[in-house]
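# Chains, contacts and geometry: an overview
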Amino acid sequence: MFTSNEEYTPFPSKLWLSSPTMHGPELACMQQAYESNWMSTIGKNINEIERLICERVGCRHGIALSSGTAALHMSVKLAGERLFGKPWPGHGALEGRKVFCSDLTFAATVNPVVYEGGVPVFIDTERDTWNMDPLALEQAFALYPETRLVVLAHLYGVPGKIDEIKEVCESHGAVLIEDAAESLGASYKGRQTGTFGDYSCISFNGNKIITGSSGGMLLTEDGEGAEKVRRWSTQARENAPWYQHEEVGYNYRMSNVIAGVVRGQFPYLEEHISRKKEIYERYKEGLKRLPIEMNPYDEKNSEPNFWLSCLMVKEEGLSRQERGAREAWYERERGKSCPTEILEALDSINAEGRPIWKPLHLQPMYRMHPFITRYGRGRAVANACQAEGTEETDSRLRDKGADIFERGLCLPSDIKMTKEQQEKVIEVVRACFE
Ligand SMILES: *Cc1c(COP(=O)(O)O)cnc(C)c1O
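Residues numbered from 1 in each chain as written. Predicted model: local features only at pLDDT ≥ 70, side-chain atom pairs only at ≥ 80, totals over all residues. Heavy atoms only, no water.

## Quick notes on the overall build of the protein
We apply this condition: Under the scheme used here, helices are H or I runs from DSSP no shorter than 4 residues and strands are E runs no shorter than 2 residues, and both carry numbers assigned from the N terminus. Atoms counted for the radius of gyration: C-alpha only. Globule rule: 2.2 Å times residue count to the power 0.38. Partly exposed residues are those whose accessible area sits between 20% and 50% of the maximum for their type, while under 20% is buried and over 50% is exposed, using a 1.4 Å probe and protein chains only. Only heavy atoms enter the contact rule, under which two residues are in contact if any of them lie within 4.5 Å. For accessible areas, the Shrake-Rupley method is used with a probe of radius 1.4 Å. Any residue's cover is judged against the shown protein chains and nothing else.
If you tally the helices and strands in the protein, you get 13 helices and 18 strands. Taken over C-alpha atoms, the radius of gyration comes to 22 Å for the protein, in line with the 22 Å a tight globule of 434 residues would show. Its C-alpha atoms give the protein principal-axis dimensions of about 75 × 55 × 40 Å. Within the protein, the proportion of its 434 residues that are buried is 53%. Here the analysis covers contacts within the protein between residues at least 6 apart in sequence; of these, 69% occur between residues at least 24 apart. Split by element, the accessible area of the protein, about 20,100 Å² in all, is 50% carbon and sulfur.

Have a look at this one:
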């Protein structure tokens, strides 16, 4: 019998990147599920969060699933069947098909493409929002005109160049999947992220803007697709007195207990966003005299949810840093610093920072996949530069995702962080540049 809470000692002294922030109603909603015995994948909490999220985001159908990754998997499968028809049993819906994917993002954005046999082609990043570069996407369609599917993520809660991306997709008849896992509540030209894709996904993972401890949701206007996902995610049972199956099924439905946590969190979404924004603004002000810039966004057209505050060291302020496959080294230089040094300094005060997502085209498992920049094949350019022995000082030739990875990092962005704690973080970052 569980009697002591010693295994669950909280970490009052640790400053997290982004940890769950509970308010009370979560427990009440979970308890309701418990007391009414709706402890499975059916119940009021599930129905309620589907309704609330659809209403908040402005979409017709929302299907609560066990994770954002599951929602992406179901999206990819829907898109694959819509474009190429039903696969043979044992084959993926995208078998051998190229899919244009964001490159500077979490691996969960693209792994589901591989689950369905697709081949991710990585599209380089632009500097204005750190998201997929529409010019690189156009270039990719020129190189692989048969491609019909695009997976776009909004990094760290900042909407990408949605109009431009959608225009490129439409002109090539491509289906768009929007990975809004990090950007729930963010908007672009007054419209919420999660409504721009043919299929869109959000996540309630423990570190996201609101959480269910885990969970995710698929959002779409496509009623027939929504029905398919409801069926697939509950083992694809047909309407019959016995277990009748016509398709492969999955156990991807959200639990009503998890949905209770999400339901209890939901009213706090706006509060979380405004706290995250304050944190971002305070970093921006506190670090403004340093050779750094904050993760940028389109101030005219978009309102991020400011999920994570990030900084990028300007070229003139960057000290020497080398990264191997698993380790990093740097040299201490007066007046300069680098992400490795700053992350070490944060760690020394028990604050959690994190490198920027390592671009997927640089991941060992995706090293053979095409990587496309606005100038053409990105790997070919890098090779050509090396072959000629030229230094890649011309920023046009640089792989922008690799550059942001090299110079950027995520700062502690937990909404329970006090003003004093954040001032300490700012002081420690400043000291790195002395
Ligand atoms: C968190 C995240 C996911 C996956 O969501 P889970 O709920 O953890 O499966 C997918 N894409 C991005 C960009 C994410 O940050």
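## Some details on the side chain of Asp-103
Keep this limit in mind: Asp and Glu count as negative and Lys and Arg as positive, but His and the ends of the chain are not part of the count. We define a salt bridge as a contact between a side-chain nitrogen of Lys or Arg and a carboxyl oxygen of Asp or Glu at a distance within 4 Å.
Tracing the backbone shows Asp-103 in the loop between β2 (98-102) and α4 (111-115). As a buried residue without a salt bridge, Asp-103 has its nearest oppositely charged side chain in Arg-379, at a separation of 6.7 Å. Sequence-distant contacts of Asp-103, defined by excluding residues within four places in its chain, comprise Phe-122, Ile-123, Pro-359, Leu-360, His-361 and Phe-371.

## As for the packing of aromatic side chains
Selection criterion: Note on ring pairs: Phe, Tyr and Trp rings are taken, using the six-membered ring of Trp, and paired if centres are within 6.5 Å. Classes follow the plane angle, with under 30 degrees stacked, over 60 edge-to-face and the rest tilted. As a reminder, the over-ring test applies to NZ of lysine and CZ of arginine, requiring each to be within 6 Å of the ring centre and within 35 degrees of the ring normal.
Within the structure shown, the criterion is met by 11 aromatic pairs. Plain terms: the ring middles of Tyr-280 and Phe-306 are 5.0 Å apart, the flat faces sit at 55 degrees to each other, and that makes the pair tilted. A residue pair is termed long-range when its members are at least 10 positions apart, and Tyr-280 in helix α9 (residues 269-286) and Phe-306 in the loop between β11 (302-303) and β12 (310-313) qualify at 26 residues. Phe-306 gets classed as buried once you look at its relative accessible area, which sits at 3%. In this structure an aromatic cluster arises from ring pairing among Phe-106, Tyr-156, Trp-307 and Trp-357. The aromatic ring of Trp-16 is capped on one face by Lys-14, whose charged end is 5.0 Å from the ring centroid. Directly above the ring of Trp-232 sits Lys-77, whose terminal nitrogen or CZ lies 4.8 Å from the centroid.

## Quick word on the site of the ligand
Formally: Being near a molecule or strand, for a residue, comes down to having at least one heavy atom within 4 Å of it. For this analysis, a polar contact is any N or O atom pair within 3.5 Å, provided that within protein one partner can donate a hydrogen and the other can accept it, and provided that sequence-adjacent residues contribute only side-chain to side-chain pairs. When residue character is reported, Ala, Val, Leu, Ile, Met, Phe, Trp, Tyr, Cys and Pro are called nonpolar, Asp, Glu, Lys and Arg charged, and the others, Gly included, polar.
By nearness alone, 15 residues border the ligand, and Thr-69, Asp-179, Glu-182, Ser-203 and Lys-208 come closest of all. In the environment of the ligand, an oxygen atom lies 2.7 Å from a nitrogen or oxygen atom belonging to the backbone of Gly-68. With respect to the ligand, the side chain of Thr-69 contributes an N or O atom lying 2.5 Å from an oxygen atom. Coverage of the ligand by the protein chains reaches 93% of its 380 Å² of free accessible surface. Broken down by element, the shell around the ligand gets its largest block of residues, 3 residues, from helix α3 (residues 68-84). Residue composition of the shell around the ligand, by class: 4 nonpolar, 8 polar and 3 charged.

## Regarding the state of the cysteines
Our working rule: To count as a disulfide, a pair of cysteine sulfur atoms needs to be within 2.5 Å.
Within the structure shown, the criterion is met by 0 disulfides. Not part of a disulfide, Cys-169 finds its nearest cysteine sulfur in Cys-101, a span of 11 Å. Its relative accessible area of 3% is what places Cys-169 among the buried residues. No disulfide involves Cys-338; its sulfur sits 8.4 Å from that of Cys-432, the nearest cysteine.

## Examining the pairing of strand β9 (residues 216-220)
As a reminder of what qualifies: Between any two strands, pairing holds if DSSP finds at least two bridges.
A large share of β9 lies buried, amounting to 5 of its 5 residues. Covered by surrounding structure in β9 are Gly-216, Leu-218 and Thr-220 together with Met-217 and Leu-219, the residues of both alternating faces. With 5 bridges connecting them, strand β8 (residues 199-203) and β9 associate as antiparallel partners. Considered in β9, the bridge of Ile-202 is made with Met-217.

## Quick notes on the packing of α3 against helix α7 (residues 223-232)
Let me state the cut-off plainly: Axis definition: a line fit to C-alpha positions, over the contact stretch in the case of helices; interaxial angles, taken between N-to-C directions, run 0 to 180 degrees. An angle below 35 degrees is treated as roughly parallel, one above 145 as roughly antiparallel, one from 65 to 115 as roughly perpendicular, and anything else as oblique. Each crossing is labelled by how the near helix is turned from the far one, with a counterclockwise turn of less than a right angle marking it left-handed and a clockwise turn marking it right-handed.
Between α3 and α7, the shortest axis-to-axis distance is 11 Å and the interhelical angle comes to 125 degrees. By the criterion of interaxial angle, the relationship of α3 to α7 is oblique. With respect to the hand of their crossing, α3 and α7 are arranged in right-handed fashion. Between α3 and α7, the residues in contact are Met-74, Lys-77, Leu-78 and Glu-81 and Gly-225, Lys-228, Val-229 and Trp-232, respectively. Along the lines of polarity and charge, the residues of the contact of α3 with α7 split into 4 nonpolar, 1 polar and 3 charged.

## Observations concerning the sheet that holds β12
The sheet built from 4 strands is open, its strands ordered β10-β12-β18-β15 with antiparallel pairing. The open sheet has two edge strands with one neighbour each: β10 (292-294) and β15 (354-355). Taken together, the 3 bridges between β12 and strand β18 (residues 408-410) define a ladder with antiparallel strand orientation. Bridging across to β18, Leu-311 finds its partner in Leu-409.

## Some points on the confidence of the model for the protein
As a reminder of what qualifies: The predictor rates its confidence in each residue with pLDDT, a number between 0 and 100.
On average, residues of the protein score 94 in pLDDT, and 93% of them reach the 70 mark or higher. Predicted confidence is poor over residues 386-393, with pLDDT under 50, and the contacts of this stretch with residues over four places away or in other chains come to 5 contacts.

## Concerning the environment of Glu-95
Within the element layout of this structure, Glu-95 appears in the loop between α3 and β2. When the C-alpha atoms of Glu-95 and Ile-202 are compared, they prove to be 25 Å apart, with 107 residues separating the residues in sequence. Residues in contact with Glu-95, not counting those within four places in the same chain, are Glu-116 and Gly-117. Separated by 3.2 Å, the side chain of Glu-95 and the backbone nitrogen of Gly-92 make a polar contact.

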